[in-house]
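Residue-level structural notes
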Amino acid sequence: MKYKSIIRYVVLISTVAAACKKGNSGGNQAPPPPEKKVTVSTFAGDGTDAYLDGPLLSAKFHTPIDIAISPSGILYVADYNGRRIRKIAGGQVSVLAGDGNFGTRDGAGDTAQFVDPYRIEVDPDGNIYVMDQADARVRRITPNGVVSTYAGTAASGFKDGDVSVALFRQGMGGIAMGTQGAIYIDDTNNGRIRKINAAGQVSTFAGKETKGFVNGDTSVAEFLNPNGILFDKQGNMYVADNGNYCIRKITPAGMVSRFTGTGTHGMADGEAGTAQFYYIYDMVIDKDGNLLLSDGDRIRKVNPAGEVSTIAGSSTGYADGDGPTAQFSYPAGLAIDAEGNLYVADAMNNRVRKISFQ
């Protein structure tokens, strides 16, 4: 290892010297673009652990745990202990669905009930999908607030088939929209990624009953507590494999591999083979193909080469400002808008935070 480090150092010095020589000889190579400034601000919520609708900064949340954005720019928040799905539009926070009581009743608006809503996503038509931590069903909410059961039953288990009989385990950790109307569910406690096609049929996309770490074809791959999934423009799926402390990649051809992370618990930034993860709650992807993720009390970035860096967050707390000095307390769900602004469900601060890049 010592000699490899020396070789890298010599190569680096030689490369820098060559670049300087080229610059001095009249070369017109463009410098790399400067890093954008990262600024964290409070978007909604006054920090009080309670329930109140109204203007953004006077509204109150009761542990906002996840957040999603519709094609029209409406933000939806899974208010975990408030047992409601909140809506943010036109500078106002309101209730889309849920009466605040513990239950699984379907219905319109505040006649519906949720148990502990903690995963939320929006499809291209503006329908909202919700998963309760203590319920084994996938619920769907229309843009005007009508709640129905989309897939699964009250029983927790594993079974493929029609959405009316398929079984999932409680604690599903992620949801992603695929092509041709398909929806993918991170069935965490079954160790599998499930697929619901447009015809309402549930199948196993990747993983199996045995939990562990195995790469290869989706039929033989193993995961350990997968939590958070998304697709890139090329159709690759990324999986936050929290029990294995890494991010896995599934190609359109169905091959699973380690994308980044050593597999050891920690918060080290660096190249794909040296970076560490603590506990990834959620991931989104920006227009440049960078993964943005909430990990511990920080927001981190993984570039297309798998290199990991921290863009915001430090110690646990609450502070707006520049990315490196800002503080979060259990930043959980993430959403990204058309302009590239990142929204963070800052659960234990009972606020929605906004991260802008300038």
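Residues numbered from 1 in each chain as written. Predicted model: local features only at pLDDT ≥ 70, side-chain atom pairs only at ≥ 80, totals over all residues. Heavy atoms only, no water.

**Digging into the overall build of the chain**
We count it as follows: Only DSSP runs of H or I reaching four residues or more are called helices, and only runs of E reaching two or more are called strands; each is numbered from the N terminus. Radius of gyration: C-alpha atoms only; globule rule: 2.2 Å multiplied by the number of residues to the exponent 0.38. In this scheme, a residue with accessible area under 20% of its type's maximum is buried, one over 50% is exposed, and one in between is partly exposed, where area comes from a 1.4 Å probe on protein chains only. Residue contacts are defined here by distance: any two heavy atoms, one from each residue, within 4.5 Å place the two residues in contact. The accessible surface values rely on the Shrake-Rupley method and a 1.4 Å probe; as for residues, cover is taken only from the protein chains in view.
Summing up its helical and strand segments, the chain has one helix and 29 strands in all. Over its C-alpha atoms the chain spans a radius of gyration of 21 Å, differing by no more than 12% from the 21 Å that the globule rule assigns to 358 residues. Its C-alpha atoms give the chain principal-axis dimensions of about 70 × 50 × 35 Å. In the chain, buried positions account for 51% of the 358 residues. For the chain, contacts bridging at least 24 residues in sequence account for 43% of all contacts bridging at least 6. For the chain, the accessible surface area stands at approximately 15,600 Å², while carbon and sulfur atoms represent 54% of it.

**Let's talk about the sheet that holds strand β10 (residues 138-141)**
This is how it is decided: Between any two strands, pairing holds if DSSP finds at least two bridges.
The five strands lie next to each other as β7-β11-β10-β9-β8, forming an open sheet whose pairing is antiparallel. Every interior strand has two partners, whereas the edge strands, β7 (107-108) and β8 (117-122), have only one. With four bridges joining them, β10 and strand β11 (residues 146-151) adopt antiparallel strand pairing. Bridged to valine 138 within β11 is alanine 151.

**Describing the layout of surface pockets**
Going by this rule: Only protein atoms enter the 1 Å grid used here, on which a cavity is any set of points holding a 1.4 Å probe that cannot leave and a pocket is any open set flanked by protein within 12 Å on both sides along at least five of seven lines; residues with an atom within 4 Å of a point are listed as lining. Grid points are joined across faces, edges and corners, and a volume is the space filled by probe spheres set on the points. Gly counts as polar in this scheme, as do all residues outside two lists: the nonpolar Ala, Val, Leu, Ile, Met, Phe, Trp, Tyr, Cys and Pro, and the charged Asp, Glu, Lys and Arg.
Within this model, the second largest pocket holds a volume of roughly 170 Å³. Lining the second largest pocket are 14 residues, with Asp123, Tyr129, Gly181, Ala182 and Ile183 positioned closest to its centre. Here the residues of the lining of the second largest pocket are counted per class, giving eight nonpolar, three polar and three charged.

**Digging into the sheet that holds strand β20 (residues 246-250)**
Strand order in the open sheet formed by five strands is β17-β21-β20-β19-β18, and the pairing between neighbours is antiparallel. The sheet is open, and its two borders are formed by β17 (216-217) and β18 (226-231), each paired with just one other strand. Where strand β19 (residues 237-241) lies against β20, five bridges are found, and the strand directions are antiparallel. Bridge assignment links aspartate 241 to a residue of β20, and that residue is cysteine 246.

**Side note on the nonpolar core**
The tendency in soluble globular proteins is for nonpolar side chains to be buried side by side. To keep it simple, the criterion reads: Here, the term nonpolar core denotes a set of buried Ala, Val, Leu, Ile, Met, Phe, Trp, Tyr and Cys residues that are joined through side-chain atoms within 4.5 Å.
Counting 21 residues, the largest nonpolar core has Ile65, Tyr76, Ile85, Ile120, Ile128 and Ile141 as the members making the most contacts within it. Secondary structure elements with two or more residues in this core: β3 (64-69), β4 (75-79), β6 (92-97), β8 and β9 (128-132). Counting residues per element, this core draws most heavily on β8, at three residues. Listed in part, the 15 residues of the second largest apolar core include Ile69, Val77, Ala335 and Val352.

**Considering the pattern of salt bridges**
Opposite charge on two side chains lets them pair, provided their charged atoms get close. As a reminder, the rule being used: Take a side-chain nitrogen of Lys or Arg and a carboxyl oxygen of Asp or Glu: if they are within 4 Å of each other, that pair is a salt bridge.
Tallied over the full model, the rule gives 19 salt bridges. Among the ionic pairs, arginine 105 bridges to aspartate 99, the shortest N-O distance being 3.4 Å. A salt bridge links aspartate 241 to arginine 248; its shortest N-O distance comes to 2.6 Å. For aspartate 241, a relative accessible area of 0% translates into the label buried.

**Comments concerning unusual backbone geometry**
Of note in the backbone geometry, threonine 63 takes a positive phi value of approximately 70° without being a glycine. Turning to its location among the elements, threonine 63 is positioned in the loop between β2 (54-55) and β3. Phi angles above zero are rare outside glycine, and asparagine 225 is one such case at about 60°. Structurally, asparagine 225 can be placed in the loop between β17 and β18.

**Describing the packing of aromatic side chains**
In plain terms, the rule: Side-chain rings of Phe, Tyr and Trp (the six-membered ring for Trp) are treated as a pair once their centres are within 6.5 Å; stacked means planes under 30 degrees apart, edge-to-face means over 60, and tilted covers the remaining angles. Two conditions define a charge sitting above a ring: the NZ of Lys or the CZ of Arg must be within 6 Å of the ring centre, and it must be within 35 degrees of the ring normal.
On inspection of all chains with the given rule, the structure shows six aromatic pairs. Each ring, one from tyrosine 238 and one from phenylalanine 259, has its centre 5.1 Å from the other, and the planes form 65°; the classification is edge-to-face. Of this pair, tyrosine 238 sits in strand β19 while phenylalanine 259 sits in strand β21 (residues 255-260), and the two are 21 residues apart along the sequence. Each member of the pair, tyrosine 238 as well as phenylalanine 259, is classed as buried. The aromatic ring of phenylalanine 158 is capped on one face by arginine 192, whose charged end is 3.7 Å from the ring centroid. Sitting above the plane of the tyrosine 318 ring, arginine 351 keeps its charged end 3.7 Å from the centroid.

**Describing the environment of aspartate 53**
How we decide: The definition of a polar contact used here is a pair of N or O atoms within 3.5 Å, where within protein one atom must be able to donate a hydrogen and the other to accept one, and adjacent residues in sequence count solely through side-chain atom pairs.
The residue aspartate 53 is located in the loop between β1 (38-44) and β2 in this model. For aspartate 53 and valine 95, which are 42 residues apart along the polypeptide, the C-alpha to C-alpha distance reads 7.4 Å. Leaving out residues up to four positions away in the same chain, aspartate 53 has contacts with Arg86, Val93, Ser94 and Val95. A polar contact is formed between the side chain of aspartate 53 and the side chain of tyrosine 51, at a distance of 3.0 Å. A distance of 3.0 Å separates polar atoms of two side chains, one belonging to aspartate 53 and the other to arginine 86.

**Looking at the side chain of glutamine 327**
On the secondary structure map, glutamine 327 appears in the loop between β26 (321-322) and β27 (331-336). Once you skip the residues sitting within four places of it in the chain, glutamine 327 turns out to touch Ser314, Ser315, Thr316, Gly317, Tyr318, Ala319, Asp346, Asn349 and Arg353.

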